[in-house]
Amino acid sequence: MAAKRILLIANPAAGRRQGEQRLAVARTQLEALGHAVTAALTESAGHATRLAKSNAPDFEIVAALGGDGTVNEVANGLMAVELGERPALATLPVGTGNDVALTFGLAHFETAIGALANGNTRTLDVIRVRMMRDGKAVTRHALLFVAAGFAAEVIRKTGPRVKRIFGRRFSYSVGLFRALASFRAPEFTVKWNGQEKQEMMFQVCAGNTEFAAGGVMRISPGALPDDGLLNISLVGELSRLQIIRQFPSILSGRYVEDERVDYFTGKRLEINAVPPAEIQADGDIIGTTPATIDLLPDALRLVTPE
């Protein structure tokens, strides 16, 4: 890859507060290869989005150094830029899950720096979510998946302390079992492809890639990030004992074979719930129902290994 103008946006709290140190390493290595690098540290939630949006015209690549939350914020900033002027997105994994990096062969920090220095780009579909937050209609974007129901409760129960103690391999599984104690399935109304379903549901999920939770859970088997389709799962109400029994199949992706699960592809999904259900996207709670989820084909370019 020829010399590029690169903006590195780093979350200093990522990777047990390794973000600033890793930022210095990345900047030094990229500058040594002749790239023009500008670095910025985030200061609060949403700051990465603002940095990416406001600085995008000056760079060819905007890289997110942190976990999936940082990548998601940067991607949202880039999605606010006109398509023809949108820089490529890169990820330097320093978080707990790092599912974007894992999905695209960028799991190791040095591999990701190598891709940023010498790699290619590929186009990705992006999920758009229109929903409610604090009483207002908002729009957000996701690269991996969007889910309502149990997935949001799992994230709520997988806080920083759980991640610190159990690490990527086990933290989300611990969060899942903690969530069992408090979760109550709402009554969902879901519309897709001219069809409608209304009942108590455990979870509604629209996936753009197969894996979540640090590559541990195969929540959308067969999903491809560039096929123009969402892989949608509607999981009927389950008891706590049924969830525990289903746990191995949730990890493997075979849960979609259960008779209580509808699994299909589509381009648009409308979700409502009583009481309103929280929406989780790429590992963060971002709002509540009612929500409309659709797919934007070929919306972003991602830096990938050569």
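Remember, predicted model here, so these are calculated numbers, not experimental data. (Residues numbered from 1 in each chain as written. Predicted model: local features only at pLDDT ≥ 70, side-chain atom pairs only at ≥ 80, totals over all residues. Heavy atoms only, no water.)

Peer 1: So what exactly am I meant to see when it comes to the packing of helix α2 (residues 19-32) against helix α6 (residues 109-118) here?
Peer 2: Running from amino to carboxyl end, α2 crosses α6 at an angle of 40 degrees, the nearest separation of the two axes being 10 Å. Here α2 runs over α6; the crossing is right-handed. Only Phe109, Glu110, Ile113, Leu116 and Ala117 of α6 make contact with α2, whose side of the interface consists of Arg22, Val25, Ala26, Gln29 and Leu30. For the contact of α2 with α6, a count of residues per class yields seven nonpolar, one polar and two charged. (Axes fitted to C-alpha atoms, helices over the stretch in contact; angles between N-to-C directions. Helix = DSSP H or I, 4+ residues; strand = E, 2+ residues; numbered from the N terminus. Left-handed = near helix turned anticlockwise from the far one by under 90°. Contact = heavy atoms within 4.5 Å. Nonpolar A, V, L, I, M, F, W, Y, C, P; charged D, E, K, R; others polar.)

Peer 1: Please explain the side chain of Asp99 as it appears in this structure.
Peer 2: Its location among the elements puts Asp99 in helix α5 (residues 99-103). Accessibility expressed as a relative area gives 5% for Asp99, which makes it buried. Look past the residues within four positions of Asp99 in its chain and what remains in contact with it is Asp68, Leu144, Phe211, Ala212, Ala213, Gly214 and Gly215. (Buried < 20%, exposed > 50% of the residue type's maximum accessible area, 1.4 Å probe, protein only.)

Peer 1: Just to check I follow, could you spell out α6 for this structure?
Peer 2: For an α-helix, the turn length of 3.6 residues means that residues three or four places apart are oriented alike. By the burial criterion, the buried members of α6 are Phe109, Ala112, Ile113, Ala115, Leu116 and Ala117. Those residues of α6 that are buried are in contact with β1 (5-10), α2, β3 (61-66), β4 (88-93) and β16 (284-304).

Peer 1: Teacher, can you tell me more about the pattern of salt bridges here?
Peer 2: Should their charged atoms come close, side chains of opposite charge can pair. Taken as a whole and assessed by the stated rule, the structure comprises twelve salt bridges. The partner of Asp294 in a salt bridge is Arg130, with the nearest N and O atoms 3.1 Å apart. Taken together, the positions of Asp294 in strand β16 and Arg130 in strand β5 (residues 120-133) put the pair 164 residues apart, joining distant regions of the chain. Using a relative accessible area of 7% as the deciding quantity, one classes Asp294 as buried. The class for Arg130 is partly exposed, based on a relative accessible area of 32%. With its nearest N and O atoms 3.7 Å apart, the salt bridge here joins Glu270 to Arg268. (Salt bridge = Lys/Arg side-chain N within 4 Å of Asp/Glu carboxyl O.)

Peer 1: Which parts of the structure should I look at to understand the environment of Asn55?
Peer 2: Along the chain, Asn55 turns up in helix α3 (residues 47-55). Put simply, Asn55 and Leu7 are 48 residues apart on the chain and 8.2 Å apart in space, counted from C-alpha to C-alpha. At 2.9 Å, the side chain of Asn55 and the backbone oxygen of Leu51 are in polar contact. (Polar contact = N/O pair within 3.5 Å; in protein donor to acceptor, adjacent residues only side chain to side chain.)

Peer 1: It is not clear to me how the pairing of strand β12 (residues 230-236) should be interpreted in this structure. Could you clarify?
Peer 2: When a strand is regular, its side chains alternate between the sheet's two faces. In terms of burial, β12 is a largely internal element, seven of the seven residues being buried. Burial along β12 is two-sided: the residues Leu230, Ile232, Leu234 and Gly236 and Asn231, Ser233 and Val235 are all buried. Examined bridge by bridge, strand β9 (residues 195-207) and β12 share six bridges and lie antiparallel to one another. Pairing of Gln203 across the sheet is with Val235, part of β12. As paired elements, β12 and strand β13 (residues 261-266) share six bridges and run antiparallel to each other. Its bridge partner being in β13, Asn231 is matched across the sheet by Thr265. (Pairing = 2+ DSSP bridges.)

All quantities given are derived from atomic positions and should not be read as evidence of function.
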